[in-house]
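Observations on the model geometry
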Amino acid sequence: MSLKALISPQSVALVGANEKFGFGGFAARNLIQNAENCRFYFINPSHDTVLGVKSYKSMSDLPETVDCVELAIPKQGVNEQLELAGKLGIRAAVVYASGYTEEHTEEGRKLNDELKEIAARYDMDVLGPNCMGLLNVADGVNTMGLAMPEELMHRDPKVAILSHSGALSSAVSDRGNYPLAYQVSVGNGAVTTMEDFMDYFIGDEKTKVLALYMEGLKKPRLFLKCLKKAAEVGKPIVVLKTGRSEAAAKSASSHTGSLAGSFQSFEAVFKKYGVVSVNTFEELIVTSNMLAVLYDHMPESTKIAGFNLSGGGNVLMAEAAQVSDVEFAIFDDATIEKIRPYIPAFSTATNPLDATTDLFFKPANITGIVKAMSECPDVGYIVAGQDMSAADDKSMEVFVTGLARARLENPDCKPVVMNCITERDRNPEYRKILYDAGIPLLSSVAPSLQSLSYMNRYIEYRAEEHTLEIPTAMYDSTKTAVMYSETESKKILAAEGIPVPREVLIERREDIGKIQTLRFPLVAKVSSADIPHKSNVGGVKTGIENLDQAECAYEEILVNCRQKCPGACVDGIVFQEMAPEGQEFLVGVSNDPQLGPMVMVGLGGIFVEIFKDIVLLPAPLSIAEVVAALEELKAAPLLHGYRGSAELDIEALAEVVSKISDYALRNSESLKEMDVNPVIVYQKGEGAIAVDALIIKNA
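Residues numbered from 1 in each chain as written. Predicted model: local features only at pLDDT ≥ 70, side-chain atom pairs only at ≥ 80, totals over all residues. Heavy atoms only, no water.

What follows deals with the environment of Arg39. Looking at the element boundaries, Arg39 is found in strand 2 (residues 39-43). Sequence separation of Arg39 and Ala27 is 12 residues, and the distance between their C-alpha atoms is 14 Å. When near neighbours in sequence (up to four residues on either side) are disregarded, Arg39 contacts Gln10, Ser11, Val12 and Glu64. Of note is the side chain of Arg39, whose polar atom sits 2.9 Å from the side chain of Glu64. (Helix = DSSP H or I, 4+ residues; strand = E, 2+ residues; numbered from the N terminus. Contact = heavy atoms within 4.5 Å. Polar contact = N/O pair within 3.5 Å; in protein donor to acceptor, adjacent residues only side chain to side chain.)

Following this line, the structure appears as structure tokens:
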């Protein structure tokens, strides 16, 4: 899809143009407001004019073939008009009408299928249905079907907002000085999806930041390709993804399947590709605005210098920073001496700094403080806190002017951001002073500091430290999956170069003497793809020291399994060399049908589902990526030697995880789940071994 005719049409026809309160009336007024940027035609068979503009009876009567048609009509007439548009050679359409798949009715599904078929037949890009339209500030074209402030078209375009919610996409329209470049209400995305627009805007030079309100995916592989491309070119993507409250996972046969939910998979993917994932719509707007304003002078480090003209504001900033894990820089002696001339004698040059109300009418002192803080080697950027209302306020004018001068008079000044104490309307003139100086105005204290933590993660992200390869095919959940026995599963691991214990499968009791080729002590386990959790049914015996004990274990395990799993197909009993004691870890794979194989690693053994101390990582993974991820575990101190214990072989564990991730990626279309539990990790230099395994793949 080129999307050019949909995003930046040179000519538009509006079917259903009228003068009423609604899509047809709002869309008509928007086209009139921006007539100098786009030729437009109104179509309404019941009117000769609409809002003083000539109205045509049909698209067939137009003097030219337009680039795009807006359909502000009920759903029952949409497909007929789309068919006509296709025959006339129109290659883009906006469908506002609702009542399609979102209604979950037979009529809605039928209309949706017909719409898609028409679009495919004529190679037509269709936005919607069930959408608000598209706003292109960058080129001055507005095909939105709702009232839009005219001043929007005079903003400095930097952010493309894509939303599955029409109401939320429109909520940014009245945000003063928000650098909106494009606003797309994707709606149902029946033809042209959010992923298609992402692909377009990542390649668009005018778009500096993408902001997404996302409910789901239509084209998962294209989504991953977009994230990869954005990471490689360094274009920020800020996402508010819904679905946090859903159950972690459906019923699954492995620990991995039950612990790795779909939202957790999205979060893991976002982290791998440097996507900024936020929790609220306000954070989406504040964070995308901040990244857009700072895009050409982004902080080089994450430590902040904060100052306020209020002791209370200073306390709020300090506490919010602690909650949001934002770190204050340490002022060296030189910085303290530089700050002192600009604050009262009774004030102390600390970080954050309470500069006191004495500075309300001293813009030069505000400028001096910012410059002094900027010269501190430990400071990455400056956070200025002061309340701002919509009213004219001389003290606030002094404050923002002082901040702006620090940035404008000193090209080497580190980035500056400003937060307010309360959330309310802001004075547009003061906002503009800040914006023109490259200073983003954030929200109230707590949301602002949280947004700073999001920006800090983006600053620290390095694409070159991650393996960004994506699956060539996604898991086919329509096929029947089969469970491999432990023996079969460990043979696969061994073929991947992963150490496993030596073992012998005994199918008949009279063959039990074969186990004498192994080193005692041994562990005996039932070998059955129908019994994934062997210990739960008495299918495991440990500490076998000789042949007599092995014979007893053989019989006892068979009896237990016949009693508790009478229908299970048993291949025999596996006798395996007992691995020496070490620290147990779990390594697993849960193959997300939309996002691909997710590799999980964490504390293993009996503690897996008690502590749930895991990290989830998209395959594939380099050894360095795994080592870095292991530091996120609560159990990370165990790796380095805790209270006198020996340091573990972190590299060996990471190599096991990396090899499993490679296998998962190569088998992304067929692998459903994998559990390797435990992987026993020994002291540094002594390696790791996969003791038990469970693999589920499509037949």
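Moving on, there is more to tell.
Taken in spatial order, the seven strands make up an open sheet running 3-4-2-1-5-6-7, and their pairing is mixed. Every interior strand has two partners, whereas the edge strands, strand 3 (49-50) and strand 7 (125-127), have only one. As judged from the four bridges shared by strand 1 (residues 11-15) and strand 5 (residues 68-71), these two strands associate in the parallel manner. The residue of strand 5 that forms the bridge with Val15 is Leu71. (Pairing = 2+ DSSP bridges.)

The buried fraction of strand 27 (residues 671-681) is high, at 10 of 11 residues. Pairing geometry for strand 27 and strand 29 (residues 693-698), over five bridges, is antiparallel. Pairing of Asp675 across the sheet is with Leu694, part of strand 29. One ladder, built from three bridges, connects strand 27 with strand 28 (residues 688-690); its direction is antiparallel. Opposite Val679, over in strand 28, you have Ala690 as the bridge partner. Hairpin geometry of strand 27 and strand 28 is characterised by an intervening segment of six residues between the two adjacent antiparallel strands and by a positive phi of about 90° at Gly685. (Buried < 20%, exposed > 50% of the residue type's maximum accessible area, 1.4 Å probe, protein only.)

By the definition in use, this model includes 36 salt bridges. Among the ionic pairs, Lys371 bridges to Glu409, the shortest N-O distance being 3.6 Å. Of this pair, Lys371 sits in helix 13 (residues 363-374) while Glu409 sits in the loop between helix 14 (394-408) and strand 18 (416-419); the two residues are 38 residues apart in sequence, bridging distant segments of the chain. Within this structure, Glu486, Lys490, Glu503, Lys525, Lys534 and Asp692 form a network of salt bridges that share partners. (Salt bridge = Lys/Arg side-chain N within 4 Å of Asp/Glu carboxyl O.)

The residue after Ala619, namely Pro620, is reached through a cis peptide bond having omega 0°. Residue placement: Pro620 occurs in the loop between strand 26 (614-618) and helix 20 (623-630). Going from Asn677 to Pro678, the amide bond is cis rather than trans, its omega being 5°. Its location among the elements puts Pro678 in strand 27. Here the phi dihedral of Asp123 falls at roughly 50°; this positive angle occurs in a residue that is not glycine. Mapped onto the fold, Asp123 is located in the loop between helix 4 (106-121) and strand 7. Not every positive phi belongs to a glycine, and Asn130 is a case in point at roughly 60°. Secondary-structure assignment places Asn130 in the loop between strand 7 and strand 8 (133-136). Residue classification places Asn130 among the partly exposed residues on the basis of a relative accessible area of 30%.

Here we take up the sheet that holds strand 20 (residues 503-506). If you walk across this open sheet you meet the four strands as 20-23-21-22, and the pairing is antiparallel. Each edge of the open sheet carries a strand with a single partner, namely strand 20 and strand 22 (540-544). Neighbour-to-neighbour, the strand axes of this sheet turn through a mean angle of 20°, independent of strand direction. Both strand 21 (residues 522-527) and strand 23 (residues 572-577) contribute to a ladder of six bridges, which runs antiparallel. Across the sheet, residue Val523 finds its bridge partner in strand 23, namely Gln576. Sheet contacts for helix 18 (residues 547-564): strand 20, strand 21, strand 22 and strand 23; angle to strand 22, the most-contacted strand, approximately 170°. (Axes fitted to C-alpha atoms, helices over the stretch in contact; angles between N-to-C directions.)

Function-wise, these values are silent; they only describe arrangement.
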